[in-house]
Amino acid sequence: MKENEIAIFIDTMEDYNDPWTEEEVRDSNYMSMSLDDAIADRKSCVFMRDDIFATVAIK
């Protein structure tokens, strides 16, 4: 990911209730990915998290 794409990543993740700071993005492995790959990977993690939360809430 390029420096000028960090804000796009942050804005996109906010749409999925997954807040990030610029510093967190810079310190993450997502900086070594393309923006599209980083968003796809993180969305997958968010969906897994939400599935786990839903499963726990049911029990």
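Residues numbered from 1 in each chain as written. Predicted model: local features only at pLDDT ≥ 70, side-chain atom pairs only at ≥ 80, totals over all residues. Heavy atoms only, no water.

Draft legend 1. Spatial organisation of the overall build of the protein. Within the protein, the regular secondary structure consists of three helices and zero strands. Its C-alpha atoms give the protein principal-axis dimensions of roughly 40 × 20 × 15 Å. Relative to its full complement of 59 residues, the protein shows a buried share of 29%. Considering only intrachain contacts with a sequence separation of at least 6, the fraction spanning at least 24 residues in the protein is 56%. (Helix = DSSP H or I, 4+ residues; strand = E, 2+ residues; numbered from the N terminus. Buried < 20%, exposed > 50% of the residue type's maximum accessible area, 1.4 Å probe, protein only. Contact = heavy atoms within 4.5 Å.)

Draft legend 2. Geometry of unusual backbone geometry. A positive phi angle, close to 55°, is found at Asn-17, a residue other than glycine. Relative to the elements of secondary structure, Asn-17 occurs in the loop between α1 (6-14) and α2 (22-27).

Draft legend 3. Here's a closer look at α1. Those residues of α1 lying buried are Ile-6, Phe-9, Ile-10, Thr-12 and Met-13. Along the long axis of α1, the arc covered by the buried residues comes to 165°, so they all point the same way. If you follow the buried residues of α1, they end up packed against α2 and α3 (35-58). (Arc of directions from axis to C-beta.)

Draft legend 4. Broad picture of the nonpolar core. One finds Met-1, Ile-6, Phe-9, Ile-10, Met-13, Trp-20, Val-25, Tyr-30, Leu-35, Ala-38 and Ile-39 forming the largest nonpolar core, which totals 11 residues. Mapped by element, the contributors of at least two residues to this core are α1 and α3. Counting residues per element, this core draws most heavily on α1, which supplies four residues. (Core = buried A, V, L, I, M, F, W, Y, C linked by side-chain atoms within 4.5 Å.)

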